[in-house]
Amino acid sequence: MPSLFIFIVIAVLIIFASYFIVKQQTAAVIETFGRFTSVRHSGFHLKIPGVQRIAGRLSLKIQQLDVIIETKTLDDVFVKIKVSVQYKVIRDKVYDAFYKLDYPHDQITSYVFDVVRAEVPKMKLDDVFVKKDYIAIAVKSELNDAMMEYGYDIIKTLVTDIDPDAQVKAAMNRINAADREKTAAQYEGDAQRILIVERAKAEAESKRLQGQGIADQRREIARGLEESVEVLNRVGINSQEASALIVVTQHYDTLQSLGEQTNSNLILLPNSPQVGSNMLNDMVASFAASNQIGESMKNNKKDKS
């Protein structure tokens, strides 16, 4: 009875040791007495216990390796570059991937270091930021040529971070800030110039309209005076008497308008009845003198010619 129990236990152990399961997107490497036998993919599989063994398992999923490299640019700036390499084991080359490389991560890292340190020293710091895709393409091309032989396919390489020295970043920020302040000052200067020009245009237009208004006002006054003289002439008043009457009337109208202003300043004007006649006489005398001066100037020009 005890021997039967031992036999059953051994049989169960042999059965459990004779099968294995491989998960999806995984490959199992089988060896027989230490020699490669086959590659088993996902599913239920059998092996000979004690003769065959699972030497290892490889994932067929896409994996990512992040490599950080410190190097120097053409303008002598030290910069840290982070390169993300996405790769996977080729399904038909599991043997090469398992037996040819012990540490694939180290191999990929070495190639990334080699390419980045060969390309970045040819560029200035600004070009490194602009041409990061070029660096990624160069890394991918080099890795594909090298790792395909070992059963690895490089899906994509990405330059995910470019980190210059802290002092360099601070200097770049200062340059950027100064440039933006310069641009802002230029915009503000242009705005002030436009404002001054528009204000001058508005002032010129205002003066033009003001002058036009004064001219229109004087024209209407002259027309009114002409009509007033004509009306007075019809009733037997000659032009000189009519002019005197108009001047006196306007004089008293002015005094009346000043008196109606409650907040006006004190103004002293002559208000005797002779004021209008004196003003008219002075105006006539000034006009006559002006005419005489004009005639004498014309005569002098004729004599010289």
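Quick note: structure is the one above.
These lines cover the structure that appears in this document, whether it is placed above or below.

Rules of the game
Residues numbered from 1 in each chain as written. Predicted model: local features only at pLDDT ≥ 70, side-chain atom pairs only at ≥ 80, totals over all residues. Heavy atoms only, no water. Helix = DSSP H or I, 4+ residues; strand = E, 2+ residues; numbered from the N terminus. Buried < 20%, exposed > 50% of the residue type's maximum accessible area, 1.4 Å probe, protein only. Contact = heavy atoms within 4.5 Å. Pairing = 2+ DSSP bridges. Axes fitted to C-alpha atoms, helices over the stretch in contact; angles between N-to-C directions. Phe/Tyr/Trp six-rings, centres within 6.5 Å; stacked < 30°, edge-to-face > 60°. Expected span 1.5 Å × (residues − 1). Salt bridge = Lys/Arg side-chain N within 4 Å of Asp/Glu carboxyl O.

1. Examining the overall build of the protein chain
- Looking only at helices and strands, the protein chain has eight helices and eight strands in total.
- Of all 305 residues assigned to the protein chain, the portion counted as buried reaches 23%.
- Expressed as a percentage of contacts within the protein chain between residues at least 6 apart in sequence, the contacts between residues at least 24 apart total 62%.

2. Regarding the sheet that holds strand E8 (residues 152-164)
- With antiparallel pairing, the three strands of this open sheet are ordered in space as E6-E7-E8. In the strand order of this sheet, the two ends are held by strand E6 (63-72) and E8, each with one partner. Averaged over all pairs of adjacent strands, the angle between strand axes in this sheet comes to 20 degrees, irrespective of strand direction.
- Bridge count for E6 against strand E7 (residues 78-89) is ten bridges, and the pairing is antiparallel. Within the sheet, the bridge partner assigned to Lys-72 lies in E7 and is Phe-78.
- Against the sheet, helix H3 (residues 104-119) makes contact with E6, E7 and E8, and its axis sits at roughly 35 degrees relative to E6, the strand it touches most.

3. Details of the packing of aromatic side chains
- According to the stated counting rule, one finds five aromatic pairs in the structure shown.
- Both rings, one in Phe-36 and one in Tyr-99, keep their centres 5.8 Å apart while their planes meet at 80 degrees; by these two values the pair is edge-to-face. In this pair, Phe-36 is assigned in strand E3 (residues 35-40) and Tyr-99 in helix H2 (residues 94-99), connecting sequence segments 63 residues apart.

4. Re the environment of Val-120
- With respect to the helices and strands, Val-120 occurs in the loop between H3 and helix H4 (125-130).
- Residue classification places Val-120 among the buried positions, given a relative accessible area of 0%.
- Spatially, the C-alpha atoms of Val-120 and Ile-135 are 7.7 Å apart, while their sequence positions differ by 15 residues.
- In contact with Val-120, not counting residues within four places along its chain, are Thr-71, Lys-72, Thr-73, Leu-74, Val-79, Ile-81, Val-128 and Ile-135.

5. Let's talk about the pairing of E3
- Bridge count for strand E2 (residues 26-32) against E3 is five bridges, and the pairing is antiparallel. If you follow Glu-31 over to E3, its bridge partner there is Phe-36.

6. Details of helix H5 (residues 132-147)
- With 16 residues, H5 extends 22 Å from end C-alpha to end C-alpha; this agrees with the ideal 22 Å at 1.5 Å per step.
- All of the buried residues along H5 are Ile-135, Ala-136, Ala-138, Val-139, Leu-143, Asn-144, Ala-146 and Met-147.
- Taken together, the buried residues of H5 touch E7, H3, H4 and E8.

7. Re the pattern of salt bridges
- Under the criterion given, the structure shown has six salt bridges.
- When the shortest N-O distance is used, the salt bridge between Arg-53 and Glu-31 registers 3.1 Å. With Arg-53 in strand E5 (residues 52-59) and Glu-31 in strand E2, this pair connects stretches of sequence that are 22 residues apart.
- Judged by its relative accessible area of 45%, Arg-53 is partly exposed.
- Among the ionic pairs, Asp-133 bridges to Lys-132, the shortest N-O distance being 3.7 Å.
- In this structure Lys-132 comes out as partly exposed when scored by relative accessible area, which is 31%.

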